[in-house]
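# Overview (structure and organization)
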Amino acid sequence: MPQNSTDIRLFHGEALFRVGQMAREFYMVKSGAIYVLDEKGVIALKQFHAGELFGIPEVLAQGQWANTAIANGITVLTRFDASHLFRSLDQMPETQSDFIRHIASLAWHA
C-alpha cells in the first residue's frame, strides 16, 4: 500500500466527512458502504460499495464536501491523500492533466 494511503474503519452511522469540510482525501470502499446524504441527512443521494472509488472530483477541484457521508454498516475504506493524485497528474502531459482536471471540475459542479 502506498505511504500516502491508510485503511480506516467506521462503525454504522459514523461520519466520514461533513458538509463544508475541505476535500483533502479520496477513498476506496473495501467493505461495507458509504452513503452520501441530502442536506437534511435523511435521503441517500449516492451510495458507494466495495471496490468503488469516490471523492476525486472534489479533491481535484480543491473544494469542500457538499454533503455528509456516513457508513452504512461496519465499513472499511482506503483513504488516499490528495498529494498522491496531484503527483500523478503532474507526471502526465499537460494537455491530459488539464483535461482530467476540467472534467473533474464539471462533475463536481453538477
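### Some thoughts on the pattern of salt bridges
Side chains that differ in charge, positive against negative, can pair when their charged atoms come close. Taken as a whole and judged by the stated rule, the model has 2 salt bridges. Put simply, Asp-7 and Lys-30 hold a salt bridge, and the shortest N to O gap is 2.7 Å. One end of the pair, Asp-7, is in strand 1 (residues 5–10); the other, Lys-30, is in strand 3 (residues 25–37), and 23 residues separate them in sequence. Since its relative accessible area comes to 35%, Asp-7 is described here as partly exposed. Residue class for Lys-30 comes out partly exposed when judged on its relative accessible area of 41%.

### Side note on the environment of Ala-61
Among the secondary structure elements, Ala-61 is positioned in the loop between helix 1 (56–60) and strand 6 (68–81). Taking the C-alpha atoms as reference, Ala-61 lies 8.6 Å from Ala-23; in sequence the two are 38 residues apart.

### Quick look at the environment of Gly-51
Checked against the element boundaries, Gly-51 lands in the loop between strand 4 (44–49) and strand 5 (53–54). Spatially, the C-alpha atoms of Gly-51 and Met-28 are 6.4 Å apart, while their sequence positions differ by 23 residues. The contact partners of Gly-51, leaving out residues within four places of it in the chain, are Met-28 and Val-29.

### Some words on the nonpolar core
Ranked by size, the top nonpolar core spans 19 residues in total, and within it Leu-16, Phe-17, Tyr-27, Ile-34, Phe-54 and Leu-77 carry the most contacts. Elements supplying a minimum of two residues to this core: strand 1, strand 2 (15–17), strand 3 and strand 6. With sequence-adjacent residues up to four places away left out, Leu-77 is seen in contact with Thr-6, Asp-7, Ile-8, Leu-10, Leu-16, Tyr-27, Met-28, Val-29, Lys-30, Ile-34 and Phe-54.

### Comments concerning the confidence of the model for the chain
Regions with low pLDDT should not have their predicted coordinates read in detail. Per-chain confidence: the chain averages 83 in pLDDT, with 75% of residues scoring 70 or above. When the elements of the chain are averaged for pLDDT, helix 3 (residues 94–109) gives the smallest value, 61, and strand 2 the largest, 96.

### A look at the pairing of strand 3
Inspection of the sheet shows strand 3 paired to strand 6 by 11 bridges, in the antiparallel sense. Note on strand 6: the bridge partner recorded for Phe-26 is Phe-80. As paired elements, strand 3 and strand 5 share 2 bridges and run antiparallel to each other. In the strand pairing of strand 5, Met-28 is matched with Leu-53. Relative to strand 4, strand 3 runs antiparallel, the two sharing 5 bridges. Residue pairing for strand 4: Ile-34 is matched across the bridge by Phe-48. Between the end of strand 3 and the start of strand 4, which pair antiparallel, lie 6 residues, with Gly-41 showing a positive phi angle near 75 degrees.

Parameters at a glance
- Residues numbered from 1 in each chain as written.
- Predicted model: local features only at pLDDT ≥ 70, side-chain atom pairs only at ≥ 80, totals over all residues.
- Heavy atoms only, no water.
- Salt bridge = Lys/Arg side-chain N within 4 Å of Asp/Glu carboxyl O.
- Helix = DSSP H or I, 4+ residues; strand = E, 2+ residues; numbered from the N terminus.
- Buried < 20%, exposed > 50% of the residue type's maximum accessible area, 1.4 Å probe, protein only.
- Contact = heavy atoms within 4.5 Å.
- Core = buried A, V, L, I, M, F, W, Y, C linked by side-chain atoms within 4.5 Å.
- pLDDT = per-residue confidence, 0-100.
- Pairing = 2+ DSSP bridges.

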